[in-house]
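The residues making up each chain are set out below.
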Amino acid sequence: MDPSEVEFLAEKEMVTIIPNFSLDKVYLIGGDLGPFNPGLPVDVPVWLAINLKQRQKCRIVPPDWMDVEKLEEIREQERKVGMFTPMPSPYYMELTKLLLNHASDNIPKADEIRTLVKDTWDTRIAKLRLSADSFVSQQEAHAKLDNLTLMEINTIRQLFLESLNHMYKLRTNMQPGKDSAKSQDF
Amino acid sequence: MFGEKAIELVRELDRIGDGQLPAFNEDGIRQVLEEMKALYEQNQSDVNEAKSEGASELIPTIKFRHCCLLRNQRCIAAYLYDRLLRVRALRWEYGSVLPTSVRFHMSAEELEWFNQYKKSLATYMRSLGGEEGLDITQDMKPPKSLYIEVRCVKDHGEFEIDDGTIILLKKNSQHFLPRWKCEHLIRQGVLEHVLS
Amino acid sequence: VSVMSDVLSEASEGSGDDSQELMTPAELIEKLEEAWLNEKFSPELLENKSEIVECVMEQLTHMEENLQRVKKGDLKASIHRMEIDRIRYVLSSYLRSRLQKIEKYFPHVLKKEKSRADGDPSYLSPEEFAFAKEYMANTETYLKNVALRHMPPNLQTVDFAKCVPEPSLDSFVFLRVKVQQENILVEPETDDQSEYAVDLEVGSQHLMRYRTIAPLVSNGAVQLI
């Protein structure tokens with residue numbers, strides 16, 4: 001899966017905006033939005049929030065978790081524990097990137113936030129690489145990955161699945177008498 | 001050694017990067033086919049001899065030649081099919097009309113395969129409903145916001161967008177504008193797309 | 001929107017047990033996205049979802065038509081347009097995934113479709129079936145003309161089913177659980193391991209071989225991610 005596709009999914013998450021325009025309800029195929037009134041908060045999907053922000057038609061309200069103290073706690077927790085801690089949003093990385101790139105003026109201490117999220121991400125990815133290595137070398141058959149986000153899974157997906165599938169091929173080709181249709185007769 | 005020319009064909013494609021189409025190796029194919037003909041004829045005569053004179057010592061050689069024949073068939077099929085996959089990819093990359101430079105290395109038969117393929121694909125896409133179906137060779141990437149950031153390269157005066165808002169396009173000013181509205185101004189050299 | 005509800009209930013009428021279910025447009029899009037992800041990550045071609053494709057196409061066409069009549073640059077129109085572009089992307093990507101697999105595994109896909117019983121679910125839509133047959137015929141004709149007819153008499157055919165690899169059902173996949181499953185058997189990787197059972201709790205995420213959980217993808221109990 002391309003990272004842009006993970007971002008595409010992340011853009012469906014809802015976020016609060018404060019519009020500066022009026023518009024009556026919009027009946028999208030995916031659900032109803034609005035009505036929009038200047039100064040009154042309304043929830044919209046991120047893809048729309050960013051577009052409206054780009055057109056200077058709204059201010060974006062950062063989600064609750066996009067706060068320095070909360071993120072410091074999360075970073076600490078992630079660094080302390082060997083397992084993966086639950087993240088405040090299944091799309092924490094993409095949302096941070098999207099909102100900071102397009103609405104950093106609406107987000108207090110944007111730079112600190114960026115750093116905190118990146119640190120947490122780095123810690124998690126490092127853990128993930130170790131887990132993946134161990135999975136492959138221990139020849140595990142199953143793993144539970146509850147607190148991993150899609151972006152994290154996607155980052156190691158290609159390499160990981162290819163290694164696993166490659167090793168499987170090697171193993172089955174080495175076993176005599178197995179019905180491996182891929183082997184060559186000549 | 002038998003099968004050398006055949007494996008060379010396969011190697012040739014392996015060497016070239018994915019997606020590129022080298023010239024069709026007509027000569028190489030011809031040579032492999034000739035080798036196959038020779039092997040087959042030798043086998044025919046040996047098989048007759050083995051049958052009529054009970055010369056069973058010929059059998060290993062017959063089997064060996066048969067293996068070579070199968071291998072040659074396999075290599076040719078692999079070479080031809082791999083090329084077809086590259087030809088197929090061209091439809092998705094360049095559309096239904098191929099630029100001459102890209103068509104250059106296709107054989108006449110490959111071109112015919114390509115034409116059949118694109119016809120098949122067009123029929124399928126048309127069947128998807130609506131007025132003209134759905135062109136699934138478009139929308140290859142997820143859509144991004146309709147708005148793009150542009151910088152004004154030269155003074156252009158007032159510019160109306162959307163809901164009646166007027167923007168002043170002054171040299172060096174930067175704006176977020178709807179993509180569809182900017183495109184012609186970008187082409188004219190009034191605006192340039194700022195890529196972040 | 002009420003017209004669409006009618007169409008959706010009509011469409012689902014033919015599919016047996018959920019014939020009385022009315023799907024909202026939002027649910028339809030949700031189902032499309034699920035089908036898109038499943039098809040993207042599954043090693044084999046999944047059951048075709050023609051009803052979903054048809055309904056989504058109708059939604060898109062309908063919306064497009066409405067937008068033609070609205071003044072360009074209207075704010076509401078631009079919002080609708082953005083949504084249409086997003087839905088169209090998912091639909092196109094989904095159909096592309098399927099075509100790629102159909103082309104990649106064409107002899108096996110065709111064999112499976114030709115040999116299925118009347119009541120069995122269809123893997124190919126009628127149009128995909130036609131496409132697959134044409135792909136095979138086109139390729140067969142090509143190989144025959146260029147090479148096979150110049151070969152010795154006993155080598156003038158090629159068994160595609162033997163030459164074209166089958167999808168690897170033992171590939172590992174990532175999944176999220178939607179409906180609780182108990183005692184799913186995990187096969188050992190090596191001879192010195194033994195098989196064991198796992199429970200799949202709702203909302204949990206797992207990495208395991210596709211073969212074991214393939215039926216759970218079909219029946220919607222798990223979502224590939």
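Within any chain, residue numbers begin from 1 and follow the written order of that chain's sequence. Following the order in which they are written, the chains are lettered starting with A and the ligands numbered starting with 1. Note on the predicted model: pLDDT of at least 70 is required for a residue's local features to be given, and 80 or more for side-chain atom pairs to be given and counted; whole-chain, interface and lining totals, by contrast, use all residues. Neither water nor hydrogens contribute to the side-chain values; these are computed over all heavy atoms in the structure.

Looking at an unreviewed UniProt entry, one finds chain B named DNA replication complex GINS protein PSF1, with Lepisosteus oculatus as its source organism. The heading Subunit (unreviewed entry) in the UniProt record of chain B holds the text "Component of the GINS complex." UniProt positions are given in the numbering used here, feature names are shortened, and annotations may be inferred rather than shown by experiment.

Named according to an unreviewed UniProt entry, chain A is DNA replication complex GINS protein PSF2 originating from Lepisosteus oculatus. Checking UniProt for chain A, the heading Function (unreviewed entry) contains the comment "Required for correct functioning of the GINS complex, a complex that plays an essential role in the initiation of DNA replication, and progression of DNA replication forks. GINS complex is a core component of CDC45-MCM-GINS (CMG) helicase, the molecular machine that unwinds template DNA during replication, and around which the replisome is built." Looking at the Sequence similarities (unreviewed entry) heading of the UniProt record, one finds this comment for chain A: "Belongs to the GINS2/PSF2 family."

A.B. asks: Explain the environment of L170(A) to me, please; I cannot follow it from the model alone.
C.D. replies: All names here are of chain A. Counting from the N terminus, the helices are DSSP H or I runs at least four residues long and the strands are E runs at least two residues long. Position of L170 among the secondary structure elements: in helix 6 (residues 150–174). Exposure categories follow from relative accessible area, calculated using a 1.4 Å probe and restricted to protein chains: below 20% of the type maximum is buried, above 50% is exposed, and the middle band is partly exposed. By relative accessible area, which is 45% here, L170 ends up partly exposed. The spacing of L170 and F36 is 134 residues in sequence and 60 Å in space, taken between C-alpha atoms.

A.B. asks: What exactly am I supposed to notice about the interface of chain B and chain C here?
C.D. replies: Bring the parts together and some accessible area is lost; that lost area is often taken as the interface size. Note on definitions: a residue-residue contact is assigned when non-hydrogen atoms from the two residues lie within 4.5 Å. The interface is formed by 41 residues belonging to chain B together with 41 residues belonging to chain C. The rule for a salt bridge is simple: a side-chain nitrogen of Lys or Arg has to be within 4 Å of a carboxyl oxygen of Asp or Glu. Of the charged contacts in the structure, one is a salt bridge between R88(C) and D139(B), with a shortest N-O distance of 3.0 Å. Definition of a polar contact: a pair of N or O atoms within 3.5 Å, with one able to donate and the other able to accept a hydrogen when the atoms are protein atoms, and with sequence-neighbouring residues admitted only if both atoms are side-chain atoms. Here chain B is connected to chain C by eleven residue pairs in polar contact (both at pLDDT 80 or more). When residues of the side of chain B that touches chain C are traced back to their parent elements, those giving at least two are helix 2 (26–53), helix 3 (59–94) and helix 5 (108–126) of chain B. The element contributing the most residues to the side of chain B that touches chain C is helix 3 of chain B, with eleven residues.

A.B. asks: What exactly am I supposed to notice about a nonpolar patch on the surface here?
C.D. replies: All names here are of chain B. A cluster of nonpolar side chains, contributed by M1, F2 and F64, occupies part of the molecular surface with about 330 Å² of accessible area. Counting through the fold element by element, F2 comes out in the segment before helix 1 (4–15). F2 sits in the partly exposed class, given a relative accessible area of 36%. A patch is a set of surface residues, each over 30% in relative accessible area and not in a salt bridge, joined within 9 Å for like charges and within 5 Å for the nonpolar side chains Val, Leu, Ile, Met, Phe, Trp and Tyr. We get accessible surface area from the Shrake-Rupley algorithm with a probe of 1.4 Å; when it comes to residues, only the shown protein chains can shield them.

A.B. asks: Please clarify how the domain arrangement of chain B should be interpreted in this entry.
C.D. replies: Boundaries between domains were set according to an automatic or database domain assignment. By the assigned domains, chain B splits into domain 1 (4–127) and domain 2 (147–193). A separation of 54 Å is found between the C-alpha centroids of domain 1 of chain B and domain 2 of chain B.

A.B. asks: Which parts of the structure should I look at to understand the UniProt feature "domain: GINS subunit" (unreviewed entry) in chain A?
C.D. replies: UniProt's entry tags residues 65–169 of chain A with the feature "domain: GINS subunit" (unreviewed entry), counted in the numbering of this structure. Between the end C-alpha atoms of residues 65–169 of chain A there is a gap of 44 Å, over a span that is 70% helix and 3% strand.

A.B. asks: Before we go on, may I ask you to explain a negative patch on the surface in this structure?
C.D. replies: Residue and element names in this part refer to chain A. Residues scored as charged are limited to Lys and Arg (positive) and Asp and Glu (negative), so that His and the chain ends carry no count. Each charge is placed at NZ for Lys, CZ for Arg, CG for Asp and CD for Glu. Taken together, the side chains of D64, D67, E69, E72, E73, D111 and E112 define an acidic patch exposed on the protein surface. Every element with two or more residues in the negative patch is listed here: helix 3 (68–80) and helix 5 (110–137). The element that contributes the greatest number of residues to the negative patch is helix 3, accounting for three residues. Counting through the fold element by element, E73 comes out in helix 3.

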